[in-house]
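Single-letter residue listing:
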Amino acid sequence: MLPAQYRMTRSTDFSVTVRQGVRAAQPDLVVHAWRDAVGDENVVGPKIGLVVSKSVGTAVQRHRVARRLRHAAYRILCDGQSALDAADRVVIRALPGSRDALSARLETELRSALTRTHMLQQARS
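Named according to an unreviewed UniProt entry, the protein chain is Ribonuclease P protein component originating from Mycolicibacterium neoaurum VKM Ac-1815D. The Sequence similarities (unreviewed entry) comment attached to the protein chain in UniProt states, word for word, "Belongs to the RnpA family." One UniProt comment on the protein chain, placed under Function (unreviewed entry), says "RNaseP catalyzes the removal of the 5'-leader sequence from pre-tRNA to produce the mature 5'-terminus. It can also cleave other RNA substrates such as 4.5S RNA. The protein component plays an auxiliary but essential role in vivo by binding to the 5'-leader sequence and broadening the substrate specificity of the ribozyme."

What follows is the structure, encoded as structure tokens:
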């Protein structure tokens, strides 16, 4: 489970991340990442939000995908090799193919997309 300190909950954070951030697409998901330049010193770590729309499937299938993505995000945050900074904001949008994807595949795609967004953010700077 993704601890509350890492969860993105405000709709404004979602919209700013999607509009102003960089995007990396994978077969089963799309990752939007944005580094908050203002930075709040009370922020404990990066904020991660999920978007799992009805196109993914039924409510049961959507919740299963969301659980898998939260678990994959938590593993990435806790492995110590994460390139995520405390000021990073990440939105993970599940595509319909994620319904049938295994957890390991979702984690691999998420790692790949995060690496790509990190490179794009550096290129922007």
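Draft legend 1. Summary view of the sheet that holds strand β3 (residues 47-51). If you trace the four strands from one edge of the open sheet to the other, you get β1-β2-β4-β3, paired in mixed fashion. At either end of the open sheet lies a strand with only one pairing partner, and these are β1 (22-25) and β3. Sheet twist, expressed as the average angle between the axes of neighbouring strands with direction ignored, equals 20 degrees. Relative to strand β4 (residues 88-94), β3 is paired through five bridges, and the arrangement is parallel. Note that in β4 the partner of I48 across the bridge is V90. Along the sheet face, helix α2 (residues 59-78) touches β2 (29-35), β3 and β4 and points at about 160 degrees away from the line of β3.

Draft legend 2. The pairing of β1, seen in detail. The two faces of β1 differ: V22 and A24 on one face are buried, but R23 and A25 on the other face are not. Of the strand pairs in this sheet, β1 and β2 are connected by four bridges, and their pairing is antiparallel. Along β2, the bridge assignment pairs A24 with V31. Linking β1 to β2, which pair antiparallel, is a turn of three residues.

Parameters at a glance
Residues numbered from 1 in each chain as written. Predicted model: local features only at pLDDT ≥ 70, side-chain atom pairs only at ≥ 80, totals over all residues. Heavy atoms only, no water. UniProt positions renumbered as here; feature names shortened; annotations may be inferred. Pairing = 2+ DSSP bridges. Helix = DSSP H or I, 4+ residues; strand = E, 2+ residues; numbered from the N terminus. Axes fitted to C-alpha atoms, helices over the stretch in contact; angles between N-to-C directions. Contact = heavy atoms within 4.5 Å. Buried < 20%, exposed > 50% of the residue type's maximum accessible area, 1.4 Å probe, protein only.

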